[in-house]
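In case you want the letters, here they are:
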Amino acid sequence: DTINGAVTFDHVSFQYPDTQAAVLHDISFETKPGATVAIMGATGAGKTSLVGLIPRLYEQNTGVVKIDGKDITTLNTEYLRDAIGYVPQEIILFTGTIQDNIAWGKEDATLDEIIEAAKLAQIHDTIISFPMGYDTMLGQKGVNLSGGQKQRLTIARALVRKPGILLLDDSTSALDIRTEATLLQALRDVACTTFLITQKISSTLHADLILLLEDGSLLAQGSHEELLENCVLYQRIYES
Ligand code: TTP
Ligand code: MG
């Protein structure tokens, strides 16, 4: 039931059903299990669209996406949904306790599992600093969380399923550099393959693989050092 989290894109192109032009063109890359993959690129470059293909929110038009060597179109959707944690760009929290918000979508999660996920997401210490801890209410009558706290809460929600692959769509934008680095290291320690959409060079520094998208094409891929040496756009982002 568990997956190792190796992900392969093999000449993948994709166009939304209701649009004229492809938004992803001939994307190929592969990641090792447990890798940290940073995805960068300007707004509209196709970052959200790319990660959406992994849990089959959309179907590519050409090419193959594989997880652990298996074409994902041959995998059961239930299995995929369980194996992949997805934190969308838009944060959704509801009026209810912190515990319920983390367990959303996995209502049978035990408190121990919720705490473990919150620790991994680097939000446990904040939660236990509230007088009501995990029973703290969110929403109009409850506490107001900061942007970075909300992001970590939604990351904890994805982690409660113990996914082998985690997709973070700009989910660390409000975290300070050190908290983000600690989070990424913790995910590495549990061997969770992490796709991190980001605008920050600080998040790409330690990535095993950086994918730099431009207008739906993979302009460059490699480590920070490799891109710094070979990619003018990356150099420009680094220096800005
Ligand atoms: P995205 O994949 O949403 O681009 P992005 O995630 O890189 O941008 P941002 O940093 O702003 O989040 O969009 C790529 C293209 O696909 C863009 O032209 C808009 C289009 N698109 C659709 O047509 N339908 C959709 O549902 C989405 C999400 C995008
Ligand atoms: Mg996006």
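Placed above this text is the structure.
Residues numbered from 1 in each chain as written. Chains lettered and ligands numbered in written order. Predicted model: local features only at pLDDT ≥ 70, side-chain atom pairs only at ≥ 80, totals over all residues. Heavy atoms only, no water.

**Some thoughts on the packing of aromatic side chains**
The criterion, for reference: Only Phe, Tyr and Trp rings take part, Trp by its six-membered ring, and two of them pair if their centres are within 6.5 Å. Stacked means planes under 30 degrees apart, edge-to-face means over 60, and tilted covers everything else. Under the scheme used here, helices are H or I runs from DSSP no shorter than 4 residues and strands are E runs no shorter than 2 residues, and both carry numbers assigned from the N terminus. Only protein chains enter the accessibility calculation, which uses a 1.4 Å probe. A residue is then buried if its area is under 20% of the maximum for its type, exposed if over 50%, and partly exposed in between.
Under the defined criterion, the tally for this structure stands at 6 aromatic pairs. Plain terms: the ring middles of Phe-9 and Phe-29 are 4.7 Å apart, the flat faces sit at 20 degrees to each other, and that makes the pair stacked. Residue Phe-9 is located in strand β1 (residues 7-14), and its partner Phe-29 is located in strand β2 (residues 24-31); the two are separated by 20 residues in the primary sequence. On the basis of an interplanar angle of 70 degrees and a centroid distance of 4.8 Å, the ring pair of Phe-14 and Tyr-16 is categorised as edge-to-face. Phe-14 gets classed as buried once you look at its relative accessible area, which sits at 2%. Ring pairs connect the aromatic residues Phe-9, Phe-29 and Phe-195, which therefore count as one cluster.

**Some words on the pairing of strand β4 (residues 62-67)**
Just so we agree on the cut-off: In short, DSSP must find at least two bridges between two strands for them to pair.
As paired strands, β1 and β4 are joined by 5 bridges and run antiparallel to one another. The residue bridging Val-7 from the neighbouring strand is Ile-67, located in β4. The antiparallel hairpin formed by β4 and strand β5 (residues 70-71) contains 2 residues in its connecting segment, where Asp-68 sits at a positive phi of about 50 degrees.

**Observations regarding the pattern of salt bridges**
To be explicit about the condition: Salt bridge, as used here: a side-chain nitrogen of Lys or Arg that lies within 4 Å of a carboxyl oxygen of Asp or Glu.
On inspection of all chains with the given rule, the structure shows 6 salt bridges. In this structure, the salt-bridge partner of Arg-161 is Asp-82, at a minimum N-O distance of 3.4 Å. Linking Arg-161 in the loop between α6 (147-159) and β9 (165-169) with Asp-82 in helix α2 (residues 77-83), this pair joins segments that are 79 residues apart in sequence. Classification of Arg-161 as partly exposed rests on a relative accessible area of 28%. For Asp-208, the salt bridge identified is with Arg-188, shortest N-O distance 3.5 Å. One end of the pair, Asp-208, is in the loop between α8 (201-204) and β11 (209-214); the other, Arg-188, is in helix α7 (residues 177-189), with 20 residues separating them in the sequence. Take Arg-188: its relative accessible area is 27%, and that puts it in the partly exposed class.

**Structural notes on the site of ligand 1**
Selection criterion: Nearness here has a simple test: a residue counts as near a molecule or strand if at least one of its heavy atoms is within 4 Å of that partner. We define a polar contact as two N or O atoms separated by no more than 3.5 Å, with the added condition that, inside protein, one atom must be a possible hydrogen donor and the other a possible acceptor, whereas residues neighbouring each other in sequence contribute only through side-chain atom pairs. Only the protein chains shown count as covering a residue, and every accessible area follows the Shrake-Rupley method with a 1.4 Å probe. Asp, Glu, Lys and Arg are counted as charged, while Ala, Val, Leu, Ile, Met, Phe, Trp, Tyr, Cys and Pro are counted as nonpolar; the rest, among them Gly, fall into the polar class.
Ligand 1 sits among 13 residues. The nearest are Thr-43, Gly-44, Lys-47, Ser-49 and Gln-89. Interatomic distance of 2.7 Å between a side-chain N/O atom of Lys-47 and an oxygen atom of ligand 1. Between ligand 1 and Gln-89, the relevant distance is 2.8 Å, taken from an oxygen atom to a side-chain nitrogen or oxygen of the residue. Taking 600 Å² as the accessible area of ligand 1 by itself, protein coverage stands at 64%. Within the shell around ligand 1, the residues separate by chemical class into 5 nonpolar, 7 polar and 1 charged.

**Here's the deal with the coordination of the magnesium ion (ligand 2)**
Rules: Ligating atoms shown are N, O and S within 2.8 Å of the metal, or 3.2 Å for Na, K and Ca, and water is not included, meaning a site may look less than complete.
Here the magnesium ion (ligand 2) is held by Thr-48 (OG1) and Gln-89 (OE1), and the distances to it run 2.0 to 2.5 Å. Residue Thr-48 is found in helix α1 (residues 47-53), and its partner Gln-89 is found in the loop between β6 (84-87) and β7 (96-97); the two are separated by 41 residues along the sequence.

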